[in-house]
Amino acid sequence: MNKIEHLGIAVKDLAASNEIFTDLLGTPPYKEEVVESEGVITSFFKIGESKIELLQATHDQSPIHNFIEKRGEGMHHIAFAVEDIHAEIKRLMDKGYRMIHEKPKQGADGKIIAFMHPKSSNGVLVELCQDADK
Ligand code: ZN
């Protein structure tokens, strides 16, 4: 693991939350992107070395919809940057940790990603992410 790549925050209304985070961070989101496979629309803010990802569900089966139903809006996941996502998944699974994605998939913002099961990590949803062009 290299660094915290971004923090993911589940929101109900992306447009309203974009305004709040623009005020908070003093900078607007640099992109919005739909990730069809996860049922989300996301926006990204850059803050120093790190990023904040806001996620809004695009339909009722979206994991973000389920999360907000259960726990309300707020912190959803921590994403760590990794050099070699395949090696990192194998390393964790060899140690007995459960992955939601045992194979990496396309994520937002030019990354390939894999989520680790939060039961494996003290209730924290962990995302591994690697630059897709590497
Ligand atoms: Zn993320």
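Everything below is about the structure shown above.
Just so it is clear, the model here is predicted, and its values are computed rather than measured.

### Remarks on the overall build of the protein
Okay, step 1: Helix and strand content of the protein: three helices and eight strands.
Okay, step 2: From first element to last, N terminus to C terminus, the protein shows the α and β order β-α-β-β-β-α-β-α-β-β-β.
Okay, step 3: Across its three principal directions, the C-alpha atoms of the protein cover 45 × 30 × 25 Å.
Okay, step 4: Each of the 134 residues in the protein was classed as buried or not, and the buried ones make up 43%.
Okay, step 5: Once local pairs closer than 6 in sequence are excluded, the contacts in the protein between residues at least 24 apart make up 53%.
Okay, step 6: Per element, the accessible surface of the protein, about 7,500 Å² overall, is 51% carbon and sulfur.
Okay, step 7: Positive and negative charge centroids in the protein, built from 16 and 22 side chains respectively, lie 8 Å apart.

### Section: the side chain of Glu88
Okay, step 1: Along the chain, the position of Glu88 falls in helix α3 (residues 85-94).
Okay, step 2: What Glu88 contacts, discounting residues up to four positions off in sequence, is Met1, Val82 and Leu128.

### Brief notes about α3
Okay, step 1: The complete set of buried residues in α3 reads Ile85, Glu88, Ile89 and Leu92. All buried residues of α3 lie within an arc of 100° about the axis, which places them on one face of the element. Summarising the geometry of α3, the exposed residues directed more than 90 degrees from the buried face are His86, Lys90 and Asp94.
Okay, step 2: Each element contacted by the buried residues of α3 is listed here: β7 (111-116) and β8 (126-131).
Okay, step 3: Where α3 starts, the residue carrying a side-chain oxygen 3.2 Å from the main-chain nitrogen of His86 turns out to be Asp84.
Okay, step 4: Trailing α3 by a residue or two, Gly96 shows a phi angle of about 95°, which is positive.

Calculation criteria
- Residues numbered from 1 in each chain as written.
- Predicted model: local features only at pLDDT ≥ 70, side-chain atom pairs only at ≥ 80, totals over all residues.
- Heavy atoms only, no water.
- Helix = DSSP H or I, 4+ residues; strand = E, 2+ residues; numbered from the N terminus.
- Buried < 20%, exposed > 50% of the residue type's maximum accessible area, 1.4 Å probe, protein only.
- Contact = heavy atoms within 4.5 Å.
- Areas by Shrake-Rupley, 256 points an atom, 1.4 Å probe, with all protein chains shown as cover.
- Lys, Arg positive; Asp, Glu negative; His and termini not counted.
- Charge placed at Lys NZ, Arg CZ, Asp CG, Glu CD.
- Arc of directions from axis to C-beta.
- Polar contact = N/O pair within 3.5 Å; in protein donor to acceptor, adjacent residues only side chain to side chain.

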